[in-house]
Amino acid sequence: MAATPSTAPIPPAAATPGQPVATLRERLRAGFGLLGPRHPRHTLSMAQVDTLGLPVGDDGVVVGVNGEGQPAVLGVNRPTPFDILLIGGLWTTQVLALRVAATGARVAVETGRPAHWAQVVQAVGGGQSGMTVHEVGRVPPQGASATTPVLVIRDCGMRPPRGRVVSAPWQSVLTLLPYLSPLAPRLMRQARLVGVQRVSPDESVEIGRVTGLPRSEYEALPTLADGVTLWCTERDRQYVMTQPTDVETGLLGTARRMD
């Protein structure tokens, strides 16, 4: 039942010097509350503004640390369609799935190896509010929205079929490729974000050709350590080391490229 405004008179309130009581009553009726203590304003000169540092990072999921040891954040929950391609291992994908689910987003996994995901689903909690696993080609509509964002993970092998559920507002899609496949060039061009872990020298050359990586960058791909990913967008590139928490290590083990 909606509350009705009170018609009781407002009791007299103390006024600051030069402040009429009637003005305070008007402020209370308008919902501004009581006047607080009077303090001088905090002001900065233009020269001092540049010295300010605010400990605020990007909004998203921490996928690891960059070369400077700073948190690397991936914004998965977006109001626009967002496709991610990871050429790498299941371990990194599952760490990402756990962290996305921890933000309150739902995770739907399309996979041909459900047994590899059973322990993760149990840890997150299944059902519409956690993580669900579906056979390849059988992911139902997820009903993503701003209040219930969704990450669809496609763990469908080297040749993933076209998905029934595609990226949409508040519904990102991450496709996992264990290695480079004939479908990889098309998927790399379509993705807004591409992650590459350790690959063979021949694969690194092809990845460099498709993504336009400098030679020094793609020649380093065969030497990447376990847990290291090169994340690439059209304009930026960043090496990220995924460091598991104690809980993630207990559930998934240590970082590894091979499954």
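Fair warning: this is a prediction, and the values are worked out from it, not measured in the lab. (Residues numbered from 1 in each chain as written. Predicted model: local features only at pLDDT ≥ 70, side-chain atom pairs only at ≥ 80, totals over all residues. Heavy atoms only, no water.)

Participant: Could you clarify how one ought to interpret the confidence of the model for the protein in this entry?
Facilitator: Fine structural detail should not be taken from predicted coordinates in areas where pLDDT scores are low. The predicted model of the protein has a mean per-residue pLDDT of 84, with 77% of residues at 70 or higher. Note that residues 1-15 has pLDDT below 50 and, in this model, eleven contacts with residues that lie over four places away or in other chains. (pLDDT = per-residue confidence, 0-100. Contact = heavy atoms within 4.5 Å.)

Participant: Looking at this structure, I do not really get the pattern of salt bridges. What am I missing?
Facilitator: Where side chains of opposite charge bring their charged atoms close, a pairing between them can arise. Scanning the entire structure with this criterion turns up eight salt bridges. Notably, a salt bridge pairs glutamate 219 with arginine 215, separated by 2.6 Å at the nearest N-O pair. Look at glutamate 219 and you get partly exposed, because its relative accessible area is 43%. In this structure, arginine 237 and glutamate 217 form a salt bridge, with 3.8 Å as the shortest nitrogen-oxygen distance. Taken together, the residues arginine 237 in strand β10 (residues 237-241) and glutamate 217 in helix α7 (residues 215-218) connect sequence positions 20 residues apart. The exposure class assigned to arginine 237 is partly exposed, which follows from its relative accessible area of 42%. Judged by its relative accessible area of 18%, glutamate 217 falls in the buried class. (Salt bridge = Lys/Arg side-chain N within 4 Å of Asp/Glu carboxyl O. Buried < 20%, exposed > 50% of the residue type's maximum accessible area, 1.4 Å probe, protein only. Helix = DSSP H or I, 4+ residues; strand = E, 2+ residues; numbered from the N terminus.)

Participant: What is the right way to read unusual backbone geometry from this model?
Facilitator: Phi at tryptophan 170 is positive, roughly 65°, even though this residue is not glycine. Within the element layout of this structure, tryptophan 170 appears in the loop between β6 (150-155) and β7 (171-177).

Participant: Got a minute to help me understand the side chain of threonine 111 in this structure?
Facilitator: Tracing the chain through its elements places threonine 111 in strand β4 (residues 106-111). Within the structure, the side chain of threonine 111 is placed 3.0 Å from the backbone nitrogen of arginine 113, a separation counted as a polar contact. There is a polar contact of 3.0 Å between the side chain of threonine 111 and the side chain of aspartate 155. Contacts of threonine 111, omitting those with residues within four sequence positions, involve Trp117, Val133, His134, Glu135, Val136 and Asp155. (Polar contact = N/O pair within 3.5 Å; in protein donor to acceptor, adjacent residues only side chain to side chain.)

Participant: I'm lost on the environment of leucine 174 in this one. Help?
Facilitator: Along the chain, leucine 174 turns up in strand β7. Given the relative accessible area of 0%, leucine 174 is considered buried. Considered as a pair, leucine 174 and valine 194 are 20 residues apart in the sequence and their alpha carbons are 9.6 Å apart. Discounting residues that sit within four places of it in the chain, leucine 174 has contacts with Ile84, Leu86, Thr93, Leu96, Leu151, Val152, Ile153 and Arg154.

Participant: Explanation requested: the nonpolar core in the structure shown.
Facilitator: If you look at soluble globular proteins, the nonpolar side chains tend to sit buried side by side. In this structure, Leu74, Val100, Val107, Trp117, Met131, Ile153 and Leu174 are the most contacted members of the largest nonpolar core, which totals 32 residues. Among the elements that take part in this core, helix α3 (residues 90-102) stands out by supplying eight residues, more than any other. Once residues lying within four places of it in the same chain are set aside, the contact partners of isoleucine 153 are Thr93, Ala97, Val107, Ala108, Val109, Glu110, Trp117 and Leu174. (Core = buried A, V, L, I, M, F, W, Y, C linked by side-chain atoms within 4.5 Å.)

Participant: Could you clarify how one ought to interpret α3 in this entry?
Facilitator: Because the α-helix completes a turn every 3.6 residues, residues three or four places apart line up on one side. End to end, α3 covers 18 Å across 13 residues, agreeing with the expected 18 Å (1.5 Å per residue, within 8%). Within α3, the full set of buried residues consists of Leu90, Trp91, Thr92, Thr93, Gln94, Val95, Leu96, Ala97, Leu98, Arg99, Val100 and Ala101. Taken from the residues just after α3, glycine 104 is the one with a positive phi, measuring 100°. (Expected span 1.5 Å × (residues − 1).)

Participant: How should I be thinking about the pairing of β4 in this particular structure?
Facilitator: As a general feature of sheets, a regular strand has side chains that alternate between the two faces. With six of its six residues buried, β4 lies for the most part within the structure. Here β4 shows two buried faces, one formed by Arg106, Ala108 and Glu110 and the other by Val107, Val109 and Thr111. Bridge analysis of β4 against β6 gives six bridges, and the strand direction is parallel. Among the inter-strand pairings, valine 107 is bridged to a residue of β6, identified as leucine 151. Bridge analysis of β4 against strand β5 (residues 131-134) gives four bridges, and the strand direction is parallel. For glutamate 110, the partnering residue across the bridge sits in β5 and is histidine 134. (Pairing = 2+ DSSP bridges.)

Participant: What is the right way to look at the environment of threonine 80 in this model?
Facilitator: By the element assignment, threonine 80 lies in the loop between β2 (71-74) and β3 (82-87). Along the backbone, threonine 80 and serine 172 are 92 residues apart, and their C-alpha atoms lie at a distance of 8.5 Å. Residues contacting threonine 80, with those up to four places away along its chain left out, are Ala168, Pro169 and Arg192.

Participant: Would you mind showing me how to read the pairing of β10 here?
Facilitator: Bridge count between strand β9 (residues 228-232) and β10: five bridges; the pairing is antiparallel. Its bridge partner lying in β10, cysteine 232 is registered against arginine 237. Hairpin connection between β9 and β10: a loop of four residues separates the two successive antiparallel strands.

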